[in-house]
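# An overview of the molecular structure
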Amino acid sequence: METFPDGSFRPQEALSRARFVAWLVAVKDIPLVRVDTPSFPDVPPSFPLAAHIETAQAYGILPPLSQFRPTDSLTRLDAIDYTVRALGYTFESAYMANAALPFEDLNTLSPIMRGVVGVAALSSPPLLREPPSMRLRPYDPITRGEAAGLVWGYLQAVEHAFGLRATFPLGPGVTLLLEKRGALRTLPVWRVQIGAFQDAERAGRLADEMRKRGLSATVDVLDATYKVRVGNFTTRSEAEALATQLSAEGHPIWIIQTLRDFDTQPGPIWTAILILDSQNGLRLRPALARVEGLGRERTSQIARRHGALAATNGTFFAVNGDPIGCLMINGEVMSESVRGRSCVGILPDGQVLFDVLDFEGLVATEAASAQVHGVNRTRGAEEVIVYRRSFGPSTRTNAHGVEAVVVGEIVQQVLDGRGNAPIPQDGYVLSGHGRAGAWIREQVRVGERVTLRLRFIPAGGDPRWQEVVHVIGGGPRLLAGGQYVGGEGFSTGFLNRRHPRTAIARLADGRFLLVVVDGRQPYHSLGMTLPELAATLRALDATDAVNLDGGGSSTLVVRGTVVNLPSDEGGERPVSNALLVIR
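Residues numbered from 1 in each chain as written. Predicted model: local features only at pLDDT ≥ 70, side-chain atom pairs only at ≥ 80, totals over all residues. Heavy atoms only, no water.

Each helix and strand in the chain was counted, giving twelve helices and 31 strands. Projected onto its principal axes, the C-alpha coordinates of the chain cover approximately 105 × 60 × 40 Å. Taken over 583 residues, the chain has a buried fraction of 55%. Pairs at least 24 residues apart make up 71% of the contacts formed inside the chain by residues separated by at least 6 positions. Accessible surface for the chain amounts to roughly 24,400 Å². Of this, 50% is attributable to carbon and sulfur atoms. Across the chain, the mean location of the 60 positive side-chain charges is 1 Å away from that of the 60 negative side-chain charges. (Helix = DSSP H or I, 4+ residues; strand = E, 2+ residues; numbered from the N terminus. Buried < 20%, exposed > 50% of the residue type's maximum accessible area, 1.4 Å probe, protein only. Contact = heavy atoms within 4.5 Å. Areas by Shrake-Rupley, 256 points an atom, 1.4 Å probe, with all protein chains shown as cover. Lys, Arg positive; Asp, Glu negative; His and termini not counted. Charge placed at Lys NZ, Arg CZ, Asp CG, Glu CD.)

Bringing the packing of aromatic side chains into the picture now. The full count for this structure, using the stated rule, is eleven aromatic pairs. A centroid spacing of 6.3 Å and a plane angle of 20° characterise the contact between phenylalanine 9 and tryptophan 23, whose relative ring orientation is stacked. Residue phenylalanine 9 is located in the segment before α1 (17-27), and its partner tryptophan 23 is located in helix α1; the two are separated by 14 residues in the primary sequence. Judged by its relative accessible area of 25%, phenylalanine 9 is partly exposed. (Phe/Tyr/Trp six-rings, centres within 6.5 Å; stacked < 30°, edge-to-face > 60°.)

Attention now moves to the nonpolar core. Core analysis: the largest hydrophobic core is formed by 117 residues, its most contacted members being Phe20, Leu284, Ile504 and Leu537. With residues near it in sequence (within four places) discarded, phenylalanine 20 still touches Leu15, Leu74, Ala79, Tyr82, Thr83, Ala147, Leu150 and Val151. Judged by nonpolar contacts, the second largest core, of 31 residues, contains Met328, Leu357, Ala404 and Val468. (Core = buried A, V, L, I, M, F, W, Y, C linked by side-chain atoms within 4.5 Å.)

Our next topic: the pattern of salt bridges. A complete count under the given rule lists 41 salt bridges for this structure. Here arginine 19 ties to glutamate 2 by a salt bridge, and the two come within 3.6 Å at their closest N and O atoms. Placement of arginine 19 in helix α1 and of glutamate 2 in the segment before α1 is noted, with a sequence separation of 17 residues between them. On the basis of relative accessibility, which here comes to 29%, the residue arginine 19 falls in the partly exposed class. (Salt bridge = Lys/Arg side-chain N within 4 Å of Asp/Glu carboxyl O.)

This brings us to the packing of α1 against helix α3 (residues 76-87). Two elements in contact, α1 and α3, have axes separated by 11 Å at closest approach and are oriented at 25°. Considering their axes alone, α1 and α3 lie roughly parallel with respect to each other. Crossing hand, α1 versus α3: right-handed. Residues Arg17, Phe20, Val21 and Leu24 of α1 form the contact with α3, whose own contacting residues are Asp78, Ala79, Tyr82, Thr83 and Ala86. (Axes fitted to C-alpha atoms, helices over the stretch in contact; angles between N-to-C directions. Parallel < 35°, antiparallel > 145°, perpendicular 65-115°, else oblique. Left-handed = near helix turned anticlockwise from the far one by under 90°.)

For the rest of this paragraph, the subject is the pairing of strand β1 (residues 163-169). Both β1 and strand β2 (residues 174-181) contribute to a ladder of seven bridges, which runs antiparallel. By the bridge assignment for β2, leucine 164 is matched with lysine 180. (Pairing = 2+ DSSP bridges.)

Structure (structure tokens):
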């Protein structure tokens, strides 16, 4: 911060809008951008601080404005707003609008500006560091001394422990806790995403094509999707120029703000924690994306359709919406477990159990029995698969097998070499291939009785698993008896790189948590590794926890509203299933 020629600072003098913006640009250590086409008609390129104002606009420090009025005195409210924006806490200001504030002169403020003041006044330590007063004086000109205090608060927030926590009681037994810790210490980059593929080879070819044109291109692997991203631009406007060119060539375009490395930065980390007490009549229940048939739907849509108080995304799933891992709803097995991975069981009284589950399936006639290998998924070689109506109207199998249609334990049809059998509303289809198909052909006869047993067997042997009504899978186990577990066959990158996360945990006092961590968004939240997530849960007094599907799927819905910022380019991701909170 500059002094005057006589060496004085003059703390009581008013500060201009342009000068304060120049201070913020300087302390953020942002390289100045060229002023080719000014963003504001009243800030020509010849204005002494034009480059600083243009830089602040390019980096999101300034709100949308038609004119900037650079020589006007800056109000205290605008100074607070610009500082909160520079810190990356704009999202938080939206839900801080109704926070109790220690000022009596805020009646004329819009809700969003009340939220901005809430961030500055209620953060820890406070961004607004002034002597206690009942009046904020939001429209008074800010003095140089007051502005210096705000800038000092910004520097302390970036360099030291800083955070914001807001608690929202949502009724008996339900509390929502939103917390953000830290601020970004480095500058992000902008890239243009021009493709997202399930096939690594196709992504590699497109990236090579971009490199041959002299463009920097990377393939980021996120949630088993290969995303081709081009460029490393310092401002969005630079990325937009390339995006316009590539879009004209027919490429699907997304402009992405990212970091070269999410794992070495201390923050920011944004977490939403829903604290639930089943003694108040609250129950957890999984739900599929569609009433009938596999598919995908946004968590918020699933929650609204079921009238849920709250919801998170559920277990892992395939692109077609097929759940991956154990899933049971109202006692009906929808998907078998993945060997060695943890699941969560929900008892009739609302309590939750955690364990690794094995799947056991058996179909029997009066004369013989056979193993059932899976439920509601693509039939593999030498397998018997059970298809229920939740899979869809038919099995969608090929003709290389034998299928038996069963209603009320009585075989209605045996279809050999046809495939795609219709699934009855009140029954199921047994579908077999190879030797498994031969067993159905030889042992299952129309008009005869068959019995089907599908169940999950806990590795720990807890007999209470026989009473569970719902099961949802995930993995790995985060906490068992308060200790981190991890593993379960997941890759090192999945465990130890930062990603958005969703988890369920049980506290020592019997209450439970649904937790969503945002990630992949430089100024908002970087994400967590699974050891970081386990440590966060342990600090909340959790003893047991399981990781659920995460990444772009991570979503928390409360009273029909998405309260986090999902990380996918298109916003909230359609998922296969959700975990609902029902009262």
